[in-house]
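Observations on the three-dimensional arrangement
Read off the chains here:
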Amino acid sequence: MKNRIITSHLKFTNHQRTGIFLLFLVIVVLQAVYFFADFSFSEKTFPEKQQWMALQSDIDSLKLVRSNEKQGMRTFNPNFISDYKGYKLGMTIEEIDRLLAFRKENKYVNSAKEFQEVTMISDSLLSVISPFFKFPDWIQNKSNFRAEKKEFVKNVYPKKEKIIVLDINQATQEDLIKIYGIGEALSLRILKQKGILGCFVSMEQMNDIWGLSPEVIAELNSHFKVLLPSGFKRINVNDASLKELSQFPYFKYLLAKEIVTYRSMNGNFNNIEDLAKIKGFPVEKAKIISLYLEF
């Protein structure tokens with residue numbers, strides 16, 4: 001009975017067989033189309049595309065410059081373009097680096113043409129930014145100076161003023177601000193450090209003041225020197241009390257205590273080398289510290 005039921009389900013009519021055959025045929029055709037047909041779309045190539053891409057950097061640069069014009073760009077000396085300024089003008093990193101390398105050799109560009117020769121910027125960018133270049137008056141009137149040689153010599157090669165070297169311990173805030181690179185904050189920081197130490201004993205102490213770059217320190221060294229005040233009194237390390245030693249800016253309380261303990265057990269110190277043997281002593285500052293002490 002069961003076999004008959006199963007057999008009845010497996011029998012198909014002619015129409016059913018035809019339908020199954022057509023369905024199988026459709027599946028085979030679709031599979032063949034899927035495997036052998038090419039559905040990729042050929043990308044259209046534009047012969048001018050590469051040319052436009054090559055000009056894209058110039059286009060971007062001009063957009064930046066025009067945005068600057070809308071904001072009201074002022075005239076400037078192209079010899080002193082910073083990284084940020086060059087970027088705002090639309091210059092590439094390589095073009096800015098060429099200008100900075102040129103300036104490191106202590107050279108100056110004196111015309112828009114020379115600026116382009118140094119930086120190798122495009123003609124289109126030069127034509128946009130060159131109207132804002134401002135060179136010194138003696139550069140712009142160079143022909144007049146050549147015609148009158150005597151006047152040219154006087155204006156272009158003025159007699160160099162002699163630098164007056166001042167005592168750093170007597171310097172005021174106004175004196176310090178005159179140094180290129182020092183403003184109100186740095187000048188107050190230098191004076192505060194002098195107040196903490198009592199006085200400077202070496203120009204090397206400028207290296208300990210935060211915010212002073214090597215270039216600014218070099219300027220300070222060319223305009224100032226150290227003269228010890230007439231009432232300057234050194235600390236006698238063999239007689240000073242724990243309180244006196246702990247108040248010395250280069251010593252901390254624990255180091256002062258170690259010095260007093262060592263002194264009481266081993267006798268007096270003979271020189272800075274003996275003092276440098278104390279645990280916690282700032283050996284890298286030994287030269288400066290020795291100028292404040294006596295043995």
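Each remark here, short or long, concerns the structure printed above.
Just so it is clear, the model here is predicted, and its values are computed rather than measured.

**Regarding the packing of aromatic side chains**
One pass over the full model with this rule turns up ten aromatic pairs. By the ring-pair criterion, three or more aromatic residues cluster together here, those being Phe 232, Phe 248, Tyr 250, Phe 251, Phe 281 and Tyr 292. Between the NZ or CZ atom of Lys 85 and the centre of the ring of Phe 76, over which it lies, the distance is 4.5 Å. The ring of Tyr 108 has Arg 103 lying over it, and the distance from NZ or CZ to the ring centre is 4.1 Å.

**Quick look at the layout of surface pockets**
In this structure, the largest pocket spans a volume of roughly 150 Å³. Contributing to the lining of the largest pocket are Tyr 250, Lys 252, Leu 254, Leu 255, Glu 258, Lys 279, Gly 280, Phe 281 and Pro 282.

**Comments concerning the side chain of Asn 238**
Positionally, Asn 238 belongs in the loop between strand E3 (235–236) and helix H15 (242–246). A distance of 2.6 Å separates a polar side-chain atom of Asn 238 from the backbone nitrogen of Phe 269. Contacts of Asn 238, omitting those with residues within four sequence positions, involve Arg 263, Asn 268, Phe 269 and Phe 295.

**A look at the packing of helix H6 (residues 93–104) against helix H7 (residues 112–119)**
Across the interface, H6 lies against H7 with an axial gap of 8 Å and an inter-helix angle of 110°. Relative to H7, the element H6 is oriented roughly perpendicular. Between H6 and H7, the contacting residues are Glu 95, Arg 98, Leu 99 and Phe 102 on the first element and Glu 114, Phe 115, Val 118 and Thr 119 on the second. When the residues that make up the contact of H6 with H7 are grouped by side-chain class, the tally is four nonpolar, one polar and three charged.

**A word on H6**
End to end, H6 covers 16 Å across twelve residues, agreeing with the expected 16 Å (1.5 Å per residue, within 8%). Residues of H6 that are buried in the fold lie against helix H5 (83–89), H7 and helix H8 (123–129). Positive backbone phi, approximately 65°, marks Asn 106, located one or two places after H6.

**Looking at unusual backbone geometry**
We note that Asn 106 has phi near 65°; this positive angle belongs to a residue other than glycine. With respect to the helices and strands, Asn 106 occurs in the loop between H6 and H7. In this structure Asn 106 comes out as exposed when scored by relative accessible area, which is 58%. For Met 120, which is not glycine, the phi dihedral falls at a positive 65°. Relative to the elements of secondary structure, Met 120 occurs in the loop between H7 and H8. Owing to a relative accessible area of 55%, Met 120 belongs among the exposed residues under this scheme.

**Let's talk about the nonpolar core**
Within the largest apolar cluster, 38 residues are counted, with the highest numbers of intra-cluster contacts made by Met 206, Leu 212, Leu 220, Phe 251, Ile 259 and Leu 275. Looking at this core, the elements that each hand over two or more residues are helix H13 (184–197), helix H14 (214–223), helix H16 (253–266), helix H17 (272–275) and helix H18 (286–290). For this core, the domains that each give at least three residues are domain 2 (166–225) and domain 3 (242–292). One finds Phe 76, Leu 99, Val 109 and Phe 115 within the second-largest nonpolar core, a separate group that totals 17 residues.

**Concerning H7**
The set of residues buried in H7 consists of Phe 115, Gln 116, Val 118 and Thr 119. Down the axis of H7, the smallest arc covering the buried residues is 165°, so these residues share one side. Structural note: H7 exposes Lys 113 and Glu 117 on the side pointing more than 90 degrees away from its buried face. The secondary structure elements touched by the buried residues of H7 are H6 and H8. Met 120 lies just past H7 and shows a positive phi near 65°.

**Looking at the pattern of salt bridges**
A side chain of one charge can pair with a side chain of the opposite charge if their charged atoms are brought near each other. Considering all chains together, one arrives at four salt bridges under this definition. Across the pair Lys 107 and Glu 105 runs a salt bridge whose closest N-O atoms are separated by 3.1 Å. The partner of Lys 287 in a salt bridge is Glu 204, and the shortest N-O contact between them spans 3.2 Å. One end of the pair, Lys 287, is in helix H18; the other, Glu 204, is in the loop between H13 and H14, and 83 residues separate them in sequence. You can call Lys 287 exposed: its relative accessible area is 56%.

Reading the values: rules and limits
- Residues numbered from 1 in each chain as written.
- Predicted model: local features only at pLDDT ≥ 70, side-chain atom pairs only at ≥ 80, totals over all residues.
- Heavy atoms only, no water.
- Phe/Tyr/Trp six-rings, centres within 6.5 Å; stacked < 30°, edge-to-face > 60°.
- Lys NZ or Arg CZ within 6 Å of the ring centre and 35° of its normal.
- 1 Å grid on protein atoms, 1.4 Å probe; cavity = no way out; pocket = protein on both sides within 12 Å on 5 of 7 lines; lining within 4 Å.
- Points joined across faces, edges and corners; volume = space filled by probe spheres on them.
- Helix = DSSP H or I, 4+ residues; strand = E, 2+ residues; numbered from the N terminus.
- Polar contact = N/O pair within 3.5 Å; in protein donor to acceptor, adjacent residues only side chain to side chain.
- Contact = heavy atoms within 4.5 Å.
- Axes fitted to C-alpha atoms, helices over the stretch in contact; angles between N-to-C directions.
- Parallel < 35°, antiparallel > 145°, perpendicular 65-115°, else oblique.
- Nonpolar A, V, L, I, M, F, W, Y, C, P; charged D, E, K, R; others polar.
- Expected span 1.5 Å × (residues − 1).
- Buried < 20%, exposed > 50% of the residue type's maximum accessible area, 1.4 Å probe, protein only.
- Core = buried A, V, L, I, M, F, W, Y, C linked by side-chain atoms within 4.5 Å.
- Domains from an automatic or database assignment.
- Arc of directions from axis to C-beta.
- Salt bridge = Lys/Arg side-chain N within 4 Å of Asp/Glu carboxyl O.

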